[in-house]
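# Geometric and topological summary
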Amino acid sequence: MNRLQILALSCFCALSLGSLACSDTIIDPFENEEQYFTVWGYLDQLSSNHSVRVIPVTRFPENIVNPVEAEIDAEVYSVDLSNGTRRRWNYHLEKLEDGTYGHIFSSSFIIDAKRTYRLEVIRADGKMTTAETTVPGTVSDTLLVKAPVVWENDSTLVYQDFEIPGIPSPWDINVFYWWEGGIAKQGVYVPYGRQGERTSDGGWRVRATISEDQPKVWDRVQWAIDTGLLTPTGTHHLFAMGLRIRILDSNWNPPEGVFDPEVLAQPGVLSNVQNGHGFFGSVGLYTQEWNIEDISRPLGYPY
């Protein structure tokens, strides 16, 4: 599997550093004199811990099986271009899923939406590989376009459609529900992944299957009863729902919003690294919620 396929399929699905391992690193330095490192990684607005894998560009593929012999001529820095803050990242060697080892650099800091960060990978001779990412953010706290709630099949099927303008490629969507009763107040998240489709105007459309999601809420109600937060006869109700959307930066926007390995494998389709190879991106976050007390009782809650 080539590097872009791994980026599109493994990195995005797991968002885990171990999935960023790649085996196809055979690049002839004499034919790529200005390419110094291959870089894989991203900044995550939901986390304060960030990591990248760095692979020196050499004539032969890197295959570290003995950690004692591992070494790398590189230092890694990130720069917040809005204020010039520069951080040096810490190095460690990490065992990968295939049993070999990879050069990993990590740093802990909070990233901000709409800011641009530059990653610098520097050799001792001053040669540098760089990449930039702008953390996605939205300009409105009422971004979603909500269609009316639909009741079908004698009200056993309940759903609501949403359009998300201005976000052509959400990576991960969660529909969440808030319920309360007794001394319990709980939010329940239902993963939807990348369900939906791109709209003609460059946004995204997704359907929340409200009735199918309720068993997950009822499971939490039962948990509250079992733990004493809610008495067995205690009254409770559903009072809000919302969407939490994980947003990829603009460099990660695939053609037509689809992560097609055959398309992404083409050179230059998905790469933002200067004087090197790979990809360095960022994942932002958007959340919006609203009151749904009017449908609580029809969905089977006491009030």
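Residues numbered from 1 in each chain as written. Predicted model: local features only at pLDDT ≥ 70, side-chain atom pairs only at ≥ 80, totals over all residues. Heavy atoms only, no water.

### Describing the pattern of salt bridges
- A full pass over the atoms with the stated rule returns 10 salt bridges.
- The shortest N-O distance in the salt bridge between D112 and R115 comes to 3.4 Å.
- On the accessibility criterion, D112 (31% relative accessible area) is partly exposed.
- Among the charged side chains, a network of salt bridges with common partners joins D80, D112 and R115. (Salt bridge = Lys/Arg side-chain N within 4 Å of Asp/Glu carboxyl O. Buried < 20%, exposed > 50% of the residue type's maximum accessible area, 1.4 Å probe, protein only.)

### As for the sheet that holds strand β8 (residues 128-134)
- Taken together, 5 strands build an open sheet; the order of strands is β4-β3-β7-β8-β17 and the sheet is antiparallel. Each edge of the open sheet is held by one strand with a lone partner, namely β4 (85-88) and β17 (273-274).
- Pairing of β8 with β17, which is carried by 2 bridges, proceeds in the antiparallel orientation. Counterpart to A131 in the pairing with β17 is V273. (Pairing = 2+ DSSP bridges. Helix = DSSP H or I, 4+ residues; strand = E, 2+ residues; numbered from the N terminus.)

### Some words on the sheet that holds strand β2 (residues 49-56)
- The 8 strands are arranged β5-β6-β2-β1-β18-β16-β12-β13 in an open sheet whose pairing can be described as mixed. With partners counted over all chains shown, the strands left at the sheet margins are β5 (90-95) and β13 (184-193), one partner each. Adjacent strand axes in the sheet meet at a mean angle of 20°, parallel and antiparallel pairs treated alike.
- As paired strands, strand β1 (residues 37-44) and β2 are joined by 6 bridges and run antiparallel to one another. Residue W40 lies in a different strand from β2, and its bridge partner there is R53. (Axes fitted to C-alpha atoms, helices over the stretch in contact; angles between N-to-C directions.)

### Side note on the environment of E132
- One can find E132 in strand β8.
- The exposure class assigned to E132 is partly exposed, which follows from its relative accessible area of 37%.
- A sequence separation of 52 residues divides E132 from D80, and the C-alpha atoms of the two residues are 9.9 Å apart.
- Those residues in contact with E132 that lie beyond four places of it in its chain are L81, T116, Y117, R118, N251, N272 and F280. (Contact = heavy atoms within 4.5 Å.)

### So, the side chain of T199
- Examined against the element boundaries, T199 turns out to sit in the loop between β14 (197-198) and β15 (204-208).
- For T199, a relative accessible area of 7% puts it in the buried group.
- T199 has contacts with E163, W204 and R205, leaving out every residue within four places of it along the chain.

### Side note on unusual backbone geometry
- One non-glycine residue with positive phi stands out, namely N153, at about 55°.
- Residue position: N153 is located in the loop between β10 (150-152) and β11 (157-164).
- Residue classification places N153 among the exposed positions, given a relative accessible area of 53%.
- Even without a glycine there, the phi angle at N275 is positive, about 60°.
- Relative to the helices and strands, N275 is located in the loop between β17 and β18 (276-291).
- What makes N275 partly exposed here is its relative accessible area of 33%.

### Section: the environment of N83
- With respect to the helices, strands and loops of the structure, N83 is situated in the loop between β3 (75-80) and β4.
- You can call N83 partly exposed: its relative accessible area is 46%.
- Sequence separation of N83 and T116 is 33 residues, and the distance between their C-alpha atoms is 10.0 Å.
- Within the structure, N83 has its side chain in polar contact with the side chain of T85 (distance 2.9 Å). (Polar contact = N/O pair within 3.5 Å; in protein donor to acceptor, adjacent residues only side chain to side chain.)

### Overview of the pairing of β1
- With 8 of 8 residues buried, β1 is to be regarded as a mostly interior element.
- Two elements, β1 and β18, share 8 bridges in a ladder whose sense is parallel. Residue pairing across strands places V39 opposite G278, the latter belonging to β18.
- The turn linking β1 back onto β2 is made up of 4 residues.

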